[in-house]
Amino acid sequence: MNLTVDKYRLQKEIDELALITEAEPPIVTRVLFSEADLRGRDFVKQLAREAGLVVRADAVGNIFARWEGSDPKLSAVATGSHIDAIPNAGKFDGVVGVLGAIEAIRALKQSGFRPHRSVELIVFTAEEPTRFGIGCLGSRLLSGVWAPQKAAGLRDRDGKSLDEWRQGAGCAGPLESICLPKNHYAAFVELHIEQGPILERENTNIGIVEKIAAPSTLRMQLTGAGGHAGAVLMPDRHDAGLAAAEISLAVEQAVTGTGSPDTVGTTGVFRIEPGAVNSVPCRALLEIDVRDTQVATRDSALAQIEAAAVDICRRRGVALEVDRLNVDPPAICDGSLVETVAAVCRLLEISHRKMISRAYHDTLFMAQICPSTMIFIPCRGGISHRPDEFASPEQIAPGVRVLAQTLSQLTGPPATI
Ligand SMILES: [Zn+2]
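Residues numbered from 1 in each chain as written. Predicted model: local features only at pLDDT ≥ 70, side-chain atom pairs only at ≥ 80, totals over all residues. Heavy atoms only, no water.

Notes on the coordination of the zinc ion
Then, in step 1: At this site the zinc ion is bound by H82 (NE2), D93 (OD) and H192 (NE2), with donor distances of 2.0 to 2.2 Å.
Then, in step 2: The motif formed by the donor residues of the zinc ion, counted along the single chain, is H-x10-D-x98-H. With a gap of 110 residues between them, H82 in the loop between β4 (76–81) and β5 (85–89) and H192 in strand β7 (residues 185–193) connect regions that are remote in the sequence. The residues H82 and H192 share a single accessibility class, namely buried. (Donors = N, O, S within 2.8 Å, 3.2 Å for Na, K, Ca; no water. Helix = DSSP H or I, 4+ residues; strand = E, 2+ residues; numbered from the N terminus. Buried < 20%, exposed > 50% of the residue type's maximum accessible area, 1.4 Å probe, protein only.)

Here is the structure:
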């Protein structure tokens, strides 16, 4: 098969999508169901239609673009990623796996390949947690890891519900209709930038993901007592800000104490109210992210953090409310799918290595319902979630070729498998 990937066309499309942003370019901000997110979705749907794919969306806005195989009764092979972006992000996270998949499909079509199984591109809703504080909302619901009732209770910071947002975005149908049965797909492969430094440092083109670290998020709401910064003397205070500060340090202590170098913890949201220089903080909101490749060490760190928070708040006379927003298992990628991708890399003479993904992705959830893996490409300095996130056309193209060839092997007529 003669695969021609047009890396410049792909780059042009990545650049065009990056201009659809809530912020001043080159900053990319596309929060779920914002006007920029909706326009970005339209842009991708248009490209998919131009590539000859049949486009539909489910009740939470997951987009499916299908290249019908010669045997439509067979389960399809899926690929895809996301186009939503956190505030102040770059243009490659997620986008490479969406626009790269469209380019892979175009390259396959151009080569004369006709799939036996259908190929389906999925653009997942809200991989990023910005709107509702929960990441991978679309794939959580698709895989059934989250029950629809749980999603129905979601509200953003202003109290606006998921239902209000999705109806405003034109998503029709009940949340119950989103979940797909196990093995609805024959396989799922996600192309993505590494978001870490290993591939670039080793000068390797492709990382094949064997495992995705187990993520978890805690939300803590602290309520103390406010008051005048001059009038309330120190022994009388119940300062929610100080309790929050102590909890943040306890997070660091818990994750560095597990004995595993893979345990990481971050207090990424730290807000105090009323936020005035002459007022004692009466309320604090913390969101804490804890991850590990092992469930046991991750869970013990979580338990230690929660216990420390209870102690700290009791000592300071501050009320504490803890929500475990998500406590997810790690994903073990499918061994034979990983081997298929490795064989494709050898066939195409593209350097590769197997690796662990420490960031989580929609693949974490797709792995619960079908054989899954990820294809990583290098990004400059391992930098991501920043406007200077960068991968060159020369770094992206091998990823698209490996994805295209992998899709052809997984969907081709039986004789070619
Ligand atoms: Zn991503």
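Re helix α9 (residues 295–316)
Then, in step 1: An ideal rise of 1.5 Å per residue puts 32 Å on 22 residues; α9 measures up with 32 Å between its terminal C-alpha atoms.
Then, in step 2: Every buried residue belonging to α9 is among T297, R298, A301, L302, I305, E306, A309, I312 and C313, and all of these are buried.
Then, in step 3: Looking at the buried side of α9, the elements it contacts are β9 (214–223), α8 (240–256), β13 (283–292) and β14 (319–327).
Then, in step 4: Positive backbone phi, at 65°, marks G317, one or two positions downstream of α9. (Expected span 1.5 Å × (residues − 1). Contact = heavy atoms within 4.5 Å.)

Brief notes about the nonpolar core
Then, in step 1: Judged by nonpolar contacts, the single largest core of 71 residues is most densely connected at V44, L99, I396 and V402.
Then, in step 2: Sort the elements by how many residues they give to this core and helix α3 (residues 95–110) lands first, with 10 residues.
Then, in step 3: In contact with V44, not counting residues within four places along its chain, are L17, I83, V98, L99, I102 and V123.
Then, in step 4: With 29 residues, the next largest nonpolar core counts V60, L141, L162 and L180 among its residues. (Core = buried A, V, L, I, M, F, W, Y, C linked by side-chain atoms within 4.5 Å.)

Comments concerning the packing of aromatic side chains
For any pair of aromatic rings, the description consists of the separation of the ring centres together with the inter-plane angle of the planes.
Then, in step 1: This model, assessed by the stated rule, comprises 3 aromatic pairs.
Then, in step 2: Centroid distance F92 to F390: 6.0 Å. Interplanar angle 85°. Geometry classified as edge-to-face. Here F92, found in the loop between β5 and α3, pairs with F390, found in the loop between β17 (372–377) and α12 (393–411); they are 298 residues apart in sequence, far enough to count as distant.
Then, in step 3: Under the relative-accessibility criterion, F390 is labelled partly exposed at 31%.
Then, in step 4: Geometrically, the ring pair formed by F124 and F188 is edge-to-face, given 5.7 Å between the ring centres and 80° between the ring planes. (Phe/Tyr/Trp six-rings, centres within 6.5 Å; stacked < 30°, edge-to-face > 60°.)

Observations concerning α12
Then, in step 1: Its 19 residues place the ends of α12 26 Å apart at the C-alpha level, agreeing with the 27 Å of an ideal helix rising 1.5 Å per residue.
Then, in step 2: Within α12, 15 of the 19 residues are buried, leaving the element largely enclosed by the surrounding structure.

Quick notes on the pattern of salt bridges
Then, in step 1: Summed over the entire model, instances satisfying the criterion amount to 28 salt bridges.
Then, in step 2: Ionic pairing is found between R358 and D262, a salt bridge with its closest N-O pair at 2.7 Å. With R358 in the loop between β16 (352–357) and α11 (363–366) and D262 in the loop between α8 and β11 (264–273), this residue pair connects regions lying 96 residues apart in the sequence.
Then, in step 3: Classification of R358 as partly exposed rests on a relative accessible area of 43%.
Then, in step 4: Note that R298 is salt-bridged to D299, the shortest N-O span being 2.7 Å. (Salt bridge = Lys/Arg side-chain N within 4 Å of Asp/Glu carboxyl O.)

Details of empty space enclosed by the protein
Think of a ball as big as a water molecule: rolled over the atoms, this probe shows where empty space is left.
Then, in step 1: In the structure shown here, the tally under the stated rule is 1 cavity of 30 Å³ or more.
Then, in step 2: Computed from the structure, the largest cavity encloses a volume of approximately 60 Å³.
Then, in step 3: As for the largest cavity, its lining consists of 14 residues, and the residues nearest its centre are L32, A126, E128, T130 and R131.
Then, in step 4: By residue class, the composition of the lining of the largest cavity is 9 nonpolar, 1 polar and 4 charged. (1 Å grid on protein atoms, 1.4 Å probe; cavity = no way out; pocket = protein on both sides within 12 Å on 5 of 7 lines; lining within 4 Å. Points joined across faces, edges and corners; volume = space filled by probe spheres on them. Nonpolar A, V, L, I, M, F, W, Y, C, P; charged D, E, K, R; others polar.)

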